[in-house]
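Spelled out from the first residue to the last, the chains are:
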Amino acid sequence: MAIITSRKHAQTRFNQHVSTVLSAMLLPLAAQAASATPAETDTSANVTKAGQHTLQEVKVTGSKENEFKADKAASAKYTQPLVDTPQTITVIKRELIDQQGAVTLTEALRNAPGVGAFFLGENGSTNTGDAIYMRGFDTSSSIYVDGARDLGSISRDLFNIEQIDVLKGSAGTDSGRSSPTGSVNLSSKQANMDDATYGSLTVGSGSQKRVTADVNRAISAEHGSAFRLNVLAQDSGSVGRDEVKNKRWAVAPSFAFGLKTPTRLYLNYLHVQQDNVPDGGVPTLGLPGYSSSDIKRPYITTAPMVDPHNFYGSASDFDQVTADMLTARVEHDVSAAVKLVNTTRYGKTAQHYLLTAFMGSAANLLTPSATDLSTWTLARSTRTLKDQENEILTNQTNVTAELDLGGVKNTLLGGLELTSEKQNTWGNSGTGTLAAANLYHPNPNDPVTGLNLVRNGVFTRGATSTVSAYVFDTIKLTPQWQLNAGVRVDHYATDYSAASLSTAAANPTLPVGTLVPTNLNVDGNLLNWKIGGLYKPTAESSVYASYSTSKQPPGGSNFALSASASSAANPKFDPQETTNIEIGTKWDLLKEKLSFTAAIYDTNISNEVVQNLADLLYYQTGEKSVQGLELGVTGAISRNWLVSAGYSRMNTKVESGPKVTASGINNLAYAPKQAFTLWTSYQLPFGLKLGGGARFVDALLRGTDGAIGTPAKTDAYWVVDAMASYPLSKNIDLQLNLYNLADTVYVAAINKSGYRYTPGTPRSASLTANIKF
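Residues numbered from 1 in each chain as written. Predicted model: local features only at pLDDT ≥ 70, side-chain atom pairs only at ≥ 80, totals over all residues. Heavy atoms only, no water.

### Quick notes on the overall build of the protein chain
The number of helices and strands found in the protein chain is 4 helices and 36 strands. With respect to the three principal axes, the spread of C-alpha positions in the protein chain is 75 × 60 × 45 Å. Looking at the protein chain as a whole, 53% of its 773 residues qualify as buried. Intrachain contacts of the protein chain at a sequence separation of at least 6 include 69% that bridge at least 24 residues. If the 65 positive side-chain charges of the protein chain are averaged to one point and the 66 negative ones to another, these points end up 2 Å apart. (Helix = DSSP H or I, 4+ residues; strand = E, 2+ residues; numbered from the N terminus. Buried < 20%, exposed > 50% of the residue type's maximum accessible area, 1.4 Å probe, protein only. Contact = heavy atoms within 4.5 Å. Lys, Arg positive; Asp, Glu negative; His and termini not counted. Charge placed at Lys NZ, Arg CZ, Asp CG, Glu CD.)

Given below as structure tokens:
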């Protein structure tokens, strides 16, 4: 039981950190807000806040920026405005995030239709953090912060994020090895020359307690140096889920030098600590589509659902995360037409995770009495553990030049990227065991025997080094015609080593428990490219067609290789290849305040490694396709009326290879056929702002692994939310958020076997006090 004692001490230290941060953040904010007078001038016009509203809203001049619509993507590789970029890019700005009260990346991505954490994990394993699926494929390894890959299966808080760019379609030319269907880039807040302070305090359902602060100060007006500090503390439960906890604190200082000179330096640091209780989900018993796989116990088919609040884990479960990220960026204006940017990033994320898992199979579900449900128990089959560390060191150099070549305007961007990524995972003994849980009334305080976590010599170590060179060009042939092209070459080398414990079946000549080493490596080159043609009917619109590619080599997403002939991670296989064709149009309407986008696309994924059911070996003959339509409207309908809406429709198919859904339908799993998202807000003349929205997610087909009797899909659902905010004074406003007004019961995610699911968040509320001066 040593781990429990240690955990209590760690919990006490963590609580002390949170209390210190809460006190340090709230007292100065409250004092200054209380001393502010109505006659004071607001100087915070251009600073975006860490909490619930942007400071532009309190500008005394009355001019108001369009707070939902972005003009450009944050990545330097997109040199043109969004209306002139031949690709579907959804930009989620800070104001939209704040109005909805979103605090994590997964929550914010609800504004991108068809994107979400739909997959709970395989068998007894549970996905953690931002396990994002986009257009039917896992995109969690293609998440970036300020253009650099962000590793680790953690939940990313948005307290220090300015905007989120969701790039849909093949992104290999932009990012190198990547998911077939897109990527997500988060842009960090930066220091600037405006003095402003903002703080927020949120309380709500599920014992939510959260406080943030964002302080920006100009250090030197003459040379343009500034300092910004964002801090966060949160101690919350999970609405509708017993025992689950989300506790974290974070600090993010940022320095800027030379903002008024041709050479500018930005230094950013981020430190995050999380001490959570993870959620393993609840049994799917009683859900639509569930039936007994035991012919001797047909009564299980009609058994009632378990309470979705139930927690089937243990009080000793934990998910501890420590993340550090240090970034230095230098910008130099060589001339009015040439700009040089160099970015260096070092990041390290450690996650230690223990979760009590279960599988609701017939063998694990005991029913001593067919009629007395209080006797039914569910075996907690295993305790899953992750002891992992991710590390990245990267340097990117970009040169952007505006050139006139033969009378044709060109915007060129060339770059060189050097990246080293490492992932170390250690095995642990002594995870402990628990007795079976009462199915309808589980007790998280059931005793755990044999709990004494010790690293046992088992490990995996993966490292990938990449050297990349790329060039992009936007050629403006005429005021109406534009050509966009890009090419990228990556040389990658992955080294993998591991040690596993021998078993009698796998290693009959070795004593059971002997460490068996594995050493593998793979290297190669990836060539990706894209091209797009664009026609502008007006200066504020475009019609375009584009073609792009991406590739993912074995081990490219998780650094793991295998020598087994039946493994998809075998380095003998070629990279997975993806092509994407897109035809679309973009229009900036109402004096460029409102954007409308529409696109159709055809994505083809080949070189998929699939299993031949005859010999059970793997061959590179698989092919999948995704065709779809996406629509979007974002911006201001009038001065005080903002809207963000999107619709997606996907037709997915396995073109070659075995079907991948439990239903036998030839679609991809975890790819909702239709999805819709809407959020709108209106500010009344006397200051009251009203907002609300709805989102629709179509049925999700789960994957297949041979499980019988579990739901093959989830039902489609609608969720409606609302918001109201009102300024009590120039310096304080209150915001009320109401979620799931109809208290819709729905499945947010389901695992591959269909034994477990994550319940959707029930009706809930949060109240936020925003302080600004």
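### Observations regarding a nonpolar patch on the surface
A cluster of nonpolar residues, Leu589, Leu590, Phe596, Leu631, Ile637, Trp641 and Tyr682, forms a patch on the protein surface that exposes about 570 Å² of accessible area. Looking at the element boundaries, Leu589 is found in strand E26 (residues 576–589). (Patch = residues over 30% accessible without salt bridge, like charges linked within 9 Å, V, L, I, M, F, W, Y side chains within 5 Å. Areas by Shrake-Rupley, 256 points an atom, 1.4 Å probe, with all protein chains shown as cover. Salt bridge = Lys/Arg side-chain N within 4 Å of Asp/Glu carboxyl O.)

### Brief notes about the nonpolar core
Leu285, Tyr312, Leu439, Tyr440 and Tyr670 are the most contacted members of the largest nonpolar core, which totals 28 residues. Those elements that provide at least two residues to this core are strand E32 (717–727) and strand E34 (747–750). Discounting residues that sit within four places of it in the chain, Tyr312 has contacts with Gly281, Val282, Pro283, Val306, Thr356, Phe358, Leu378, Arg380, Ala437, Asn438, Leu439 and Pro442. Counting 25 residues, the second largest nonpolar core, distinct from the first, contains Val115, Ile143, Ile161 and Leu186. (Core = buried A, V, L, I, M, F, W, Y, C linked by side-chain atoms within 4.5 Å.)

### Side note on empty space enclosed by the protein
Counted according to the given criterion, the structure contains 8 cavities of 30 Å³ or more. Considered as a void within the structure, the second largest cavity measures approximately 330 Å³ in volume. Forming the boundary of the second largest cavity are 26 residues, of which Asp150, Ile154, Arg156, Leu270 and Met325 lie nearest the centre. Contributions of two or more residues to the lining of the second largest cavity are made by strand E8 (182–188), strand E13 (263–276), strand E15 (318–333), strand E16 (338–357) and strand E19 (382–405). In terms of residue class, the lining of the second largest cavity is built from 11 nonpolar, 7 polar and 8 charged. (1 Å grid on protein atoms, 1.4 Å probe; cavity = no way out; pocket = protein on both sides within 12 Å on 5 of 7 lines; lining within 4 Å. Points joined across faces, edges and corners; volume = space filled by probe spheres on them. Nonpolar A, V, L, I, M, F, W, Y, C, P; charged D, E, K, R; others polar.)

### Re the pairing of strand E7 (residues 161–168)
Burial within E7 is extensive, with 7 of its 8 residues counted as buried. In the sheet, strand E1 (residues 88–93) pairs with E7 via 6 bridges, with the strands oriented antiparallel. Bridging across to E7, Ile92 finds its partner in Ile164. As defined by bridge partners, E7 adjoins E8 across 7 bridges and the pair is classed as antiparallel. (Pairing = 2+ DSSP bridges.)

### What about the confidence of the model for the protein chain?
Mean pLDDT for the protein chain: 90, with 91% of residues reaching 70 or above. Low pLDDT (under 50) marks residues 1–15, which in the prediction has 23 contacts with non-local residues, meaning those over four places away or in another chain. Ignoring residues within four places in sequence, the model shows residues 17–64, a span with pLDDT below 50, making 123 contacts including any to other chains. (pLDDT = per-residue confidence, 0-100.)

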